[in-house]
Amino acid sequence: MTAPSEAYWLDQLQEDGYCIIPQLVAEQQIAALDADLEAAFAQAPLGKGDFYGHRTKRFGSLLRRSQVAGDLVLQPLVLSLARAILGSACDRIQLNVAQAIAIHPGEIEQFPHCDQDMWAGRKGDHEYLLNVIWPLTEFTRLNGATRIYPGTHRKPVDNLESLDDPIVAVCKPGDAICFLGSTVHGAGPNQTEDVRRGVVIGYSLGWLKPYENLWLAYPPAVAKEFSPELAELAGYVQHRPNLGNFEGQCPSVLLRDEVPEFPQATDSLRPDQKEAVREFAETRRSGR
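Residues numbered from 1 in each chain as written. Predicted model: local features only at pLDDT ≥ 70, side-chain atom pairs only at ≥ 80, totals over all residues. Heavy atoms only, no water.

In the nomenclature of an unreviewed UniProt entry, the protein chain is known as Phytanoyl-CoA dioxygenase of Pacificimonas flava. Under the Cofactor (unreviewed entry) heading, UniProt states for the protein chain: "Fe(2+)". (UniProt positions renumbered as here; feature names shortened; annotations may be inferred.)

**Student:** Even after reading the chapter, I still don't get the overall build of the protein chain, so can you show me in this structure?
**Tutor:** Counting its secondary structure elements, the protein chain contains nine helices and nine strands. Its C-alpha atoms give the protein chain a radius of gyration of 21 Å, near enough to 19 Å, the size a compact globule of 288 residues would have. Based on the C-alpha atoms only, the size of the protein chain along its principal axes is roughly 75 × 45 × 40 Å. Out of the 288 residues belonging to the protein chain, those deemed buried represent 50%. Of all intrachain contacts in the protein chain linking residues separated by at least 6 positions in sequence, the fraction that spans at least 24 positions is 78%. When the accessible surface of the protein chain is split by element, carbon and sulfur atoms take 51% of a total near 14900 Å². Put simply, the protein chain has 27 plus and 38 minus side-chain charges, and the middle of one group is 5 Å from the middle of the other. (Helix = DSSP H or I, 4+ residues; strand = E, 2+ residues; numbered from the N terminus. Rg over C-alpha atoms; globule rule 2.2 N^0.38 Å. Buried < 20%, exposed > 50% of the residue type's maximum accessible area, 1.4 Å probe, protein only. Contact = heavy atoms within 4.5 Å. Areas by Shrake-Rupley, 256 points an atom, 1.4 Å probe, with all protein chains shown as cover. Lys, Arg positive; Asp, Glu negative; His and termini not counted. Charge placed at Lys NZ, Arg CZ, Asp CG, Glu CD.)

**Student:** Mind showing me how you'd approach the sheet that holds strand 5 (residues 146–148) here?
**Tutor:** Backbone hydrogen bonds are what pair the strands of a sheet, in a parallel or an antiparallel way. Pairing in this open sheet of three strands is antiparallel, and the strands run 6-5-8 from one edge to the other. The open sheet has two edge strands, strand 6 (167–168) and strand 8 (185–187), and neither has a second partner. Where strand 5 and strand 8 come together, three bridges link them in antiparallel fashion. Following the sheet pairing, Arg 147 is matched in strand 8 by Gly 186. (Pairing = 2+ DSSP bridges.)

**Student:** Even after reading the chapter, I still don't get the nonpolar core, so can you show me in this structure?
**Tutor:** The nonpolar side chains of a soluble globular protein tend to be buried with one another. Counting residues in hydrophobic clusters, the biggest one holds 60 residues, and the most contacted among them are Ile 21, Leu 37, Leu 95, Trp 134, Val 199, Tyr 203 and Tyr 218. In this structure, Tyr 18, Ile 177, Ala 187 and Val 200 belong to the second largest nonpolar core, which totals 14 residues. (Core = buried A, V, L, I, M, F, W, Y, C linked by side-chain atoms within 4.5 Å.)

**Student:** Could you clarify how one ought to interpret helix 1 (residues 6–16) in this entry?
**Tutor:** Looking only at helix 1, the buried set comprises Trp 9, Leu 10 and Leu 13. Buried residues along helix 1 cover an arc of 100° about the axis, so they all sit on one side. Where helix 1 terminates, the next one or two residues include Gly 17, which has phi positive at roughly 90°. (Arc of directions from axis to C-beta.)

**Student:** Please clarify how the domain arrangement of the protein chain should be interpreted in this entry.
**Tutor:** The extent of an interface is frequently quoted as the accessible surface area lost upon association of the parts. For the protein chain, the assigned domains read domain 1 (6–234) and domain 2 (251–286). Using C-alpha coordinates to define each centre, domain 1 is positioned 35 Å away from domain 2. Across the contact, five residues belong to domain 1 and four residues belong to domain 2. Across the interface of domain 1 and domain 2, roughly 350 Å² is buried in total on both sides, 71% from carbon and sulfur atoms. Interface area lost by domain 1 to domain 2 is led by Asp 91, Pro 220 and Lys 224, which between them contribute 78%. (Domains from an automatic or database assignment. Buried area = accessible area lost by both parts, 1.4 Å probe.)

**Student:** Could you clarify how one ought to interpret the pattern of salt bridges in this entry?
**Tutor:** In a structure, side chains of opposite charge can pair up when their charged atoms sit close to one another. Under the defined criterion, the tally for this structure stands at 11 salt bridges. Note that Glu 275 and Arg 278 form a salt bridge whose closest N and O atoms lie 2.4 Å from each other. Taken together, the positions of Glu 275 and Arg 278, both in helix 9 (residues 271–286) and three residues apart, correspond to about one turn of that helix. Looking at Glu 275, the relative accessible area reads 34%, which means it is partly exposed. What makes Arg 278 partly exposed here is its relative accessible area of 35%. Linked by salt bridges that have partners in common, Asp 34, Glu 38 and Arg 197 make up one network. (Salt bridge = Lys/Arg side-chain N within 4 Å of Asp/Glu carboxyl O.)

And the structure:
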């Protein structure tokens, strides 16, 4: 049986606000990530606050904790979907978050929310982000599987009472739960004796301030070990025109073995901007 195409999953995302892609990566790969994060899960404290949860652990900086996390960030189908969803509103996408989450027994249902609400900009003209949850353990109806409210990306939600029943994202390690930043969702309650673990990897418009402070999570000494594509997603690239520069240059200059004390400020413009600026400059230089 032929696997569904990228267009199939893109249609589901645009129609329903979410999709669940079965066995997108091997379970062994997810098991390796879970093992890499085992010590961090043990050391991380339970959260503080009714939104993050008092019986839930969270920690970020996953790209420096496990190479497998970087592989998931670069998963080809997911990256392609993120660029298709977000590309019309930005020059390039960026990593918004790479966070591990462990929901412990006794945790209550999380407040249903849209992740795009972390930004105050006008909504409805375009998407702000695409999130992907990768289960590290099986997600069930009883242990806190994510609850997603289909169709909420198409209509504003005035109050929780107006929400229809959610779908419960029951799935296994290797599956990928994808949903738009405009889709209402939230973790379910954990009514079992087991911990529900997963990671969320999110992609956002490249000109937004990301949820996770990427340059603190991955300073140059860490990011220089990344592949060029992963380093770009982690913030070491400019968003044209000239946004996110370091001393007038692409911040990837910081990943070189030798960083000049005074980098040469260099234009980073979109082709249409570059041509308009060039024509203007030529008329001024020629005295026309």
